[in-house]
Amino acid sequence: MTSLQYNRQLPNTLALPCAADTLCVSGIEQARDAVRLARALGRSLLPLGEGSNVVLPGALQGIALYVTDKSVHEVGRDNEFVTLRVGAGHAWHAFVCTTVAEGYVGLENLALIPGTVGAAPIQNIGAYGREVAAFIDAVHGVDLHSGDSRSLNAEQCEFSYRHSVFKGALRDRFLICAVDFRLSKHAALDTHYPALAAQLDGQAPLSAQQVLDAVVALRRQRLPDPELEPNVGSFFKNPVVDATWLRNVDGGTQMPQYPQPDGRIKLSAAWLIDHCGLKGLREGGACIASRHALVITNRGGATQRDVLTLAERVVHAVQQRYGLTLEMEPRVYGDG
Ligand code: FAD
Ligand code: NAP
């Protein structure tokens, strides 16, 4: 474990200034030492990765806790599947590229999502019709209250759309140190997502590498690059409504609609925000991206307050026009 580093600026892709004390641990044993240290100091531990899905305050009272392990080990194999155990500190996109280069199929739709492997289970990252939950066999880590190590199988992770037990009962309670992925070289590609299908039109037969390249190209075209326009990706989740709601709301028939397995209908939060005329709306240094209505960017000097006030204005406008309350996707931290 590193020694406690005081008053560090925390990396985050919204480029918000945030000072906190930090600790880095290599894995489970050091994480248990960190729990003992925090207990002795009477401080809380806050797990973080690359900061691509967080809205940070000017200062955090808790200790920001990072996992540095980037290792990849094969821990199981049968005729069809290999199980890879990956350290939580490994960069997500690099891991996806490695698996595809080695001939494994499955993670290609999730290419170029920023962040670490350890954060991927937290909101069950998803894109272009796939979710990471389909490939997770187990999650290993440490309970930050008791200091005990624990492994959860996929069912215990309670994965659902952009959600898991780590955002629910185990929020701020569990440090993920490693994730087991179960991958096959013979799995089917999934290119049903319309934008992806259009990008791949005419390419056959398809390989996972071609799908990965298409996803990377699409994301580069459509999403603001956090290096150039600091952001945390989608700021709001897509709302899911009942069919009766759609029939009754003004303009409901024109909305893009994505039927869900349970009969309900997912709407596009980006479409709703755009149709409230909010692209380009500013609050201090925070702005609704003109390229993508679901993205809030830091145009320079934004504070957490700017970002949250802008988000509240969006929620209010969509509520007034459509009667729907948008839910924020990134984790917002107070100064506690
Ligand atoms: P952080 O932002 O640092 O943390 C996010 C949450 O995870 C926090 O609650 C934190 O406490 C927790 N956490 C992090 N590491 C650990 C750990 N080791 N143990 C326990 N808890 C931990 N998301 C998608 O789902 N799909 C997308 O397509 C997508 N596209 C994006 C595009 C852009 C341009 C950006 C900026 C973001 C995008 N995101 C997307 C959101 C984000 O990339 C993911 O949520 C990512 O998994 C966050 O990883 P991180 O390491 O940055 O985590
Ligand atoms: P898009 O293709 O313009 O589609 C807009 C929205 O409609 C998406 O949010 C998507 O929901 C939904 N959608 C479109 N086709 C669908 C289908 N066939 N079935 C179900 N839902 C469908 O989206 P985009 O903004 O360019 O993003 C592309 C993909 O990357 C999306 O999957 C998006 O979730 C993901 N992404 C996520 C983040 C993030 O921070 N969470 C940031 C950037 C991109 P879903 O979001 O449920 O897929």
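Fair warning: this is a prediction, and the values are worked out from it, not measured in the lab.

Each value, and the rule that gives it
- Residues numbered from 1 in each chain as written.
- Chains lettered and ligands numbered in written order.
- Predicted model: local features only at pLDDT ≥ 70, side-chain atom pairs only at ≥ 80, totals over all residues.
- Heavy atoms only, no water.
- Near = heavy atom within 4 Å.
- Polar contact = N/O pair within 3.5 Å; in protein donor to acceptor, adjacent residues only side chain to side chain.
- Areas by Shrake-Rupley, 256 points an atom, 1.4 Å probe, with all protein chains shown as cover.
- Nonpolar A, V, L, I, M, F, W, Y, C, P; charged D, E, K, R; others polar.
- Helix = DSSP H or I, 4+ residues; strand = E, 2+ residues; numbered from the N terminus.
- Contact = heavy atoms within 4.5 Å.
- Core = buried A, V, L, I, M, F, W, Y, C linked by side-chain atoms within 4.5 Å.
- Buried < 20%, exposed > 50% of the residue type's maximum accessible area, 1.4 Å probe, protein only.
- Pairing = 2+ DSSP bridges.
- Axes fitted to C-alpha atoms, helices over the stretch in contact; angles between N-to-C directions.
- Parallel < 35°, antiparallel > 145°, perpendicular 65-115°, else oblique.
- Left-handed = near helix turned anticlockwise from the far one by under 90°.
- Disulfide = S-S within 2.5 Å.
- Lys, Arg positive; Asp, Glu negative; His and termini not counted.
- Salt bridge = Lys/Arg side-chain N within 4 Å of Asp/Glu carboxyl O.

A short note on the site of ligand 1
Residues in close proximity to ligand 1 total 31 residues, the closest being P47, G49, S52, N53 and R219. A distance of 2.7 Å separates an oxygen atom of ligand 1 from a polar atom in the backbone of P47. Note that an oxygen atom of ligand 1 is positioned 2.8 Å from one of the backbone N or O atoms of G51. Here ligand 1, which alone exposes 980 Å², has 93% of that area covered by the protein. Here the shell around ligand 1 is composed, by residue class, of 15 nonpolar, twelve polar and four charged.

Considering the environment of V165
With respect to the element layout, V165 can be found in the loop between β11 (149-153) and β12 (174-184). In this structure, the C-alpha to C-alpha distance between V165 and I122, residues 43 residues apart in sequence, is 7.8 Å. Excluding anything up to four places from it in sequence, V165 contacts L152, Q156, C157, E158, L170 and R171.

Focus: the nonpolar core
Of all hydrophobic cores here, the largest spans 43 residues; its most connected members are W92, F166 and F181. For this core, the secondary structure elements donating two or more residues are β7 (81-87), α2 (92-101), β10 (136-143), β12, α3 (194-200) and α4 (208-222). Considering each element in turn, this core owes the most residues, seven residues, to α4. In this view, W92 contacts L107, L110, I113, G115, T116, V117, A120, I125, V132 and F181; residues no more than four positions away in its chain are not counted. Membership of the second largest hydrophobic core comes to 35 residues, among which are M255, W271, L272 and L308.

Section: the pairing of β7
In terms of burial, β7 is a largely internal element, five of the seven residues being buried. Taking the residues between adjacent antiparallel strands as the criterion, strand β6 (residues 72-77) and β7 are bridged by three residues. Examined bridge by bridge, β7 and β12 share seven bridges and lie antiparallel to one another. Its bridge partner lying in β12, V86 is registered against V179.

Comments concerning the sheet that holds β7
Two orientations exist for strands paired in a sheet by backbone hydrogen bonds: parallel and antiparallel. Spatially, the five strands line up as an open sheet ordered β6-β7-β12-β10-β11, and their pairing is antiparallel. In this open sheet, the two edge strands, each paired with only one partner strand, are β6 and β11. Mean inter-strand twist for the sheet, computed between neighbouring axes without regard to direction, equals 25°. Examined bridge by bridge, β6 and β7 share five bridges and lie antiparallel to one another. In the sheet register, G76 faces β7, and the bridge partner there is T83.

Side note on the packing of α2 against α4
How two helices sit against one another is set out by the angle between their axes and by the gap between those axes. Two numbers describe how α2 lies on α4: the axes approach to 9 Å, and their chain directions differ by 150°. What the angle tells us is that α2 and α4 run roughly antiparallel. The interaxial crossing formed by α2 with α4 has left-handed handedness. Contacts between α2 and α4 involve H93, V96, C97, V100 and A101 on the former and, on the latter, A208, Q209, L212 and V216. Along the lines of polarity and charge, the residues of the contact of α2 with α4 split into seven nonpolar, two polar and no charged.

Topic: the state of the cysteines
Applying the stated criterion across every chain yields a total of zero disulfides. The closest cysteine sulfur to the non-disulfide-bonded C24 is located on C177, 12 Å from its own sulfur. A residue is classified by how much of its surface remains accessible, and C24, at 24% relative accessible area, is partly exposed.

Observations concerning the side chain of D190
Its place among the elements puts D190 in the loop between β12 and α3. It turns out D190 is buried and unbridged, and the closest side chain with the opposite charge, R130, is 4.1 Å from it. Of the polar contacts made by the side chain of D190, one reaches the side chain of H192; its length is 2.5 Å. If we ignore the near neighbours within four places in the chain, the residues touching D190 are N109, G129, R130 and L196.

Some remarks on the site of ligand 2
Residues in contact with ligand 2 amount to 16 residues; listed here are only the nearest, R162, R222, K266, H292 and E329. R162 is positioned such that a nitrogen or oxygen atom in its side chain is 2.7 Å from an oxygen atom of ligand 2. In the model, an oxygen atom of ligand 2 is placed 2.8 Å from a nitrogen or oxygen of the S234 main chain. When ligand 2 sits alone it has 800 Å² of accessible area, and the protein chains cover 83% of it. Of all elements in the fold, only α4 and β13 (231-234) reach the threshold of two or more residues within the shell around ligand 2. Classifying every residue of the shell around ligand 2 by side-chain character gives seven nonpolar, four polar and five charged.

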